[in-house]
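Descriptive structure summary
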Amino acid sequence: MPPARRLTLAYFARRVCNAVTRYMGVLILACSALALWKPELFRWVAPYVTPLLGCIMFGMGMTLRLRDFSMVFARPRPLLLGLAAQFVCMPLLAFVLCRLFNLPPQLAMGVILVGTAPGGTASNVLTFIAKGDVPYSVALTSVATVVSLGLMPLLTWLLGGVWVPVDMGGLFFSILKIVVIPVILGLAAHRFCEGLTGRALPFLPTASALTITLVVAGIMAINAHSILHADAAIFLVVICHNLLGMGLGYTVARLWHFDEPRRRALCFEVGTQNSGLATALALAHFTPVAAIAGALFSVWQNISGALVSNYFHAHTPQPGQPEKR
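On a predicted model such as this, the values are computed, not experimentally measured, just so you know. (Residues numbered from 1 in each chain as written. Predicted model: local features only at pLDDT ≥ 70, side-chain atom pairs only at ≥ 80, totals over all residues. Heavy atoms only, no water.)

1. Some words on the packing of helix 9 (residues 168-192) against helix 15 (residues 275-285)
Here is the rule we go by: Axis definition: a line fitted to C-alpha atoms, over the contacting stretch in the case of helices. Angles run 0 to 180 degrees between N-to-C directions. Per the convention used, a helix needs a DSSP run of H or I reaching at least four residues, while a strand needs a run of E reaching at least two, with both numbered from the N terminus. For classification, angles of less than 35 degrees are called roughly parallel, those exceeding 145 degrees roughly antiparallel, those between 65 and 115 degrees roughly perpendicular, and all remaining angles oblique. In this scheme the crossing of two helices becomes right-handed for a clockwise turn of the near helix relative to the far one and left-handed for an anticlockwise turn of less than a right angle. Any pair of residues with heavy atoms lying within 4.5 Å of one another is described as a contacting pair. Residues are grouped as follows: Ala, Val, Leu, Ile, Met, Phe, Trp, Tyr, Cys and Pro are nonpolar; Asp, Glu, Lys and Arg are charged; every other residue, Gly included, is polar.
Packing of helix 9 against helix 15 brings their axes to within 11 Å, and their N-to-C directions diverge by 135°. As far as their axial angle goes, helix 15 and helix 9 are oblique. Along this stretch, helix 9 crosses helix 15, giving a crossing that reads as right-handed. Where helix 9 abuts helix 15, its residues Gly170, Leu171, Ser174, Ile175, Ile178 and Val179 lie against Leu277, Ala280, Leu281 and His285. For the contact of helix 9 with helix 15, the per-class residue count stands at 7 nonpolar, 3 polar and no charged.

2. Considering the packing of aromatic side chains
The cut-off we apply is this: The aromatic pairing rule takes the rings of Phe, Tyr and Trp, using the six-membered ring of Trp, and pairs them if the centres are within 6.5 Å, calling planes under 30 degrees apart stacked, those over 60 edge-to-face and the rest tilted. Think of it in three bands: with a 1.4 Å probe and only protein chains considered, a residue is buried below 20% of the maximum accessible area for its type, exposed above 50%, and partly exposed in between. Should the NZ of a Lys or the CZ of an Arg lie within 6 Å of a ring centre and within 35 degrees of the ring normal, that charge is described as sitting over the ring.
What the rule picks out here adds up to 6 aromatic pairs. A ring pair is formed by tyrosine 136 and phenylalanine 258, whose centres lie 6.2 Å apart and whose planes are at 85°; its orientation type is edge-to-face. With tyrosine 136 in helix 8 (residues 134-160) and phenylalanine 258 in the loop between helix 13 (232-255) and helix 14 (260-271), this pair connects stretches of sequence that are 122 residues apart. In terms of burial, tyrosine 136 and phenylalanine 258 fall into one category: buried. Between the aromatic rings of tyrosine 311 and phenylalanine 312, the centroid separation amounts to 6.0 Å while the plane-to-plane angle is 55°, which identifies the pairing as tilted. For phenylalanine 312, a relative accessible area of 10% puts it in the buried group. Put simply, the rings of Tyr250, Phe268, Tyr311 and Phe312 pair up and form one aromatic cluster. Note that lysine 38 overlies the ring of tryptophan 37, its terminal NZ or CZ placed 5.1 Å from the centroid. Of note, arginine 262 hangs over the ring of tyrosine 136, and the distance from its end group to the ring centre comes to 4.6 Å.

See below:
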């Protein structure tokens with residue numbers, strides 16, 4: 001193929017990938033609506049939710065290097081504060097909202113699973129669009145994902161056990177299989193197959209966006225009847241959970257004197273959850289009804305995240321004061 005044509009195809013591919021990544025919310029919304037209208041188009045995805053999420057985590061691992069985690073040891077304060085915001089705000093918000101709206105047990109368990117999940121990879125994309133602190137976002141997502149191996153089963157047992165019995169051991173091994181092992185394999189691929197991963201990296205955000213879309217559509221398809229006949233309370237809970245999470249993330253970052261790019265990053269890290277993981281755990285350990293909250297959250301957080309990130313994108317961060325050590 002002539003060099004000029006290769007350049008043209010590469011340019012076109014980059015444009016398509018950028019468009020898919022930036023308008024991921026619209027894509028998820030469209031496919032989710034199609035899944036509710038014609039569930040048979042996406043029901044086949046349900047048995048593959050776990051391996052698909054593993055693929056996303058593997059891709060995230062490929063974007064990392066061991067030295068990326070040096071930030072944790074060199075300047076641990078921002079990471080520790082970010083983790084505290086992530087694993088305090090969202091679980092407690094989930095518990096309070098379930099109580100306030102008096103959700104049925106299985107629906108409440110789904111909301112709790114979303115609340116105790118780590119931040120999602122979509123937060124990194126949204127932070128990039130919002131002109132936020134992307135290295136901080138990636139580091140926090142990565143560390144939160146590893147920490148969730150212990151915290152997610154514990155918090156789910158403490159908060160969700162009020163409604164439904166929780167198998168902490170089962171959750172632990174599911175998270176190990178879906179999250180930790182694929183991330184470690186991705187890190188190894190980056191270390192030992194650098195040439196191959198280097199060529200794949202530009203396309204990973206798009207691949208993740210398409211995979212997330214497929215997972216959400218599959219969950220919507222198998223729960224189409226339940227979602228279409230669900231009480232309005234679950235929709236309100238999901239919307240409030242996400243918006244309050246983003247608001248709290250930005251607010252606590254401001255109280256901790258983070259600069260504006262880092263505030264934007266923490267806004268998305270706290271409010272944007274790995275709802276795909278929550279959905280997979282709900283299907284594996286509870287009932288399809290418990291997966292409704294995760295599916296709805298996946299759709300809504302990408303809509304709200306796209307709106308907020310584009311608002312931030314239009315307002316360039318002003319240089320801030322150095323944050324306190």
